[in-house]
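What follows is the residue order along each chain.
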Amino acid sequence: MIQVKVCGLTRRDDALHAVEYGADAVGFVFAPRSRRRADPLTVADIVADLPSEIVTVGVFQDQPLVEVREYMAGCGLHVAQLHGTEDLAYMRALGLPVLKAFAPRSPSDVQRLPLFAGQSVFLLDGVDPDGASGGTGHTTDWTSAAAANARGRVVLAGGLTPGNVGEAVRTARPWAVDAASGTEVEPGRKDPRAVRRFVLEAHRAVVDFEESPALSGDKSHDAWGDLVLPRADG
């Protein structure tokens, strides 16, 4: 079964609906310029109400290490999702499980992804014409994303909606899908019906084809444990 992450949450009810409808992971954005920036005190309260098996993710972009650690610890989050220019040295110094996001512009970019030793799960995001990524509503190239499966478990993000996630899953065959703008009424406020349909369509698409290597193996929440700290030889 494919993993589903719902990101850009700012409200308790939206997070609980996402979990009720089958999300495996939920994300809260703390990037300073994001329209979906969440309040850390609110996030801490939300996380305390979530089932223990739900993976909780904090989203950051080129922020000081001490700030990221404070948000992660204060909110009780599991994984730091990094959307900026953070490099191997930054991730090692952070000392936390990391989901690194990349925004490839072409198939050749996918082949040059600077994946780090020990980092077997990574996120592919869309990028807008101005070069911005993360919550832009722009899709990444799904065919290129399919080729990236050979390099690790792909979390496919970028412009995914209830209307296109099925095609995205059938084309890219990712390990997980991640929705933000495509399930919103407005930035930071979810449409529960869209969230429910997104999860259903992602799951439905998986049964349309035989399982590929990217989708074989451990489908449980424990699979997120592959977000290990990058090794020094990366």
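Refer to the structure presented above.
Residues numbered from 1 in each chain as written. Predicted model: local features only at pLDDT ≥ 70, side-chain atom pairs only at ≥ 80, totals over all residues. Heavy atoms only, no water.

## Remarks on the environment of Val199
Line of reasoning, step 1. Of note, Val199 is situated in helix α8 (residues 192-206).
Line of reasoning, step 2. Not counting residues within four places of it along the chain, the set of residues in contact with Val199 comprises Val4, Tyr21, Gly22 and Ala23. (Helix = DSSP H or I, 4+ residues; strand = E, 2+ residues; numbered from the N terminus. Contact = heavy atoms within 4.5 Å.)

## Thoughts on the nonpolar core
Line of reasoning, step 1. Core analysis: the largest hydrophobic core is formed by 28 residues, its most contacted members being Val26, Phe28, Phe30, Val43, Phe60 and Leu77.
Line of reasoning, step 2. Breaking this core down by element, the ones donating at least two residues are α1 (12-20), β2 (25-29), α2 (40-48), α3 (65-75), β4 (79-82) and α4 (88-94).
Line of reasoning, step 3. Sort the elements by how many residues they give to this core and α3 lands first, with 4 residues.
Line of reasoning, step 4. Those residues in contact with Val26, other than ones at most four positions away along the chain, are Lys5, Val6, Leu9, Ala18, Val19, Leu50, Ile54, Val55, Thr56 and Val57. (Core = buried A, V, L, I, M, F, W, Y, C linked by side-chain atoms within 4.5 Å. Buried < 20%, exposed > 50% of the residue type's maximum accessible area, 1.4 Å probe, protein only.)

## A closer look at the sheet that holds strand β7 (residues 153-156)
Line of reasoning, step 1. Here we have 8 strands rolled up into a closed barrel, ordered β1-β2-β3-β4-β5-β6-β7-β8, and parallel in their pairing. When the angles between neighbouring strand axes are averaged without regard to direction, this sheet yields 25°.
Line of reasoning, step 2. When strand β5 (residues 98-102) meets strand β6 (residues 121-124), the two strands line up parallel, connected through 2 bridges. Within the sheet, the bridge partner assigned to Phe102 lies in β6 and is Leu124.
Line of reasoning, step 3. Across the face of the sheet, α8 comes into contact with β1 (3-6) and β8 (176-179) while running at roughly 160° to β1. (Pairing = 2+ DSSP bridges. Axes fitted to C-alpha atoms, helices over the stretch in contact; angles between N-to-C directions.)

## Details of the packing of aromatic side chains
Line of reasoning, step 1. A full pass over the atoms with the stated rule returns 3 aromatic pairs.
Line of reasoning, step 2. A ring pair is formed by Phe30 and Phe60, whose centres lie 5.6 Å apart and whose planes are at 25°; its orientation type is stacked. Here the residue Phe30 occupies a position in the loop between β2 and α2, and Phe60 occupies one in strand β3 (residues 55-60), the gap between them amounting to 30 residues.
Line of reasoning, step 3. Judged by its relative accessible area of 0%, Phe30 falls in the buried class.
Line of reasoning, step 4. With relative accessibility at 0%, the residue Phe60 sits in the buried group.
Line of reasoning, step 5. Between Phe30 and Tyr71, the aromatic rings sit 4.7 Å apart at their centres with planes inclined by 20°, giving stacked as the arrangement. Of this pair, Phe30 sits in the loop between β2 and α2 while Tyr71 sits in helix α3, and the two are 41 residues apart along the sequence. Comparing Phe30 with Tyr71, the two get one shared label, buried.
Line of reasoning, step 6. Grouped by ring-pair contacts, the aromatic residues Phe30, Phe60 and Tyr71 constitute a single cluster.
Line of reasoning, step 7. We note Lys100 situated over the ring of Phe102; from NZ or CZ to the ring centre the distance is 5.2 Å. (Phe/Tyr/Trp six-rings, centres within 6.5 Å; stacked < 30°, edge-to-face > 60°. Lys NZ or Arg CZ within 6 Å of the ring centre and 35° of its normal.)

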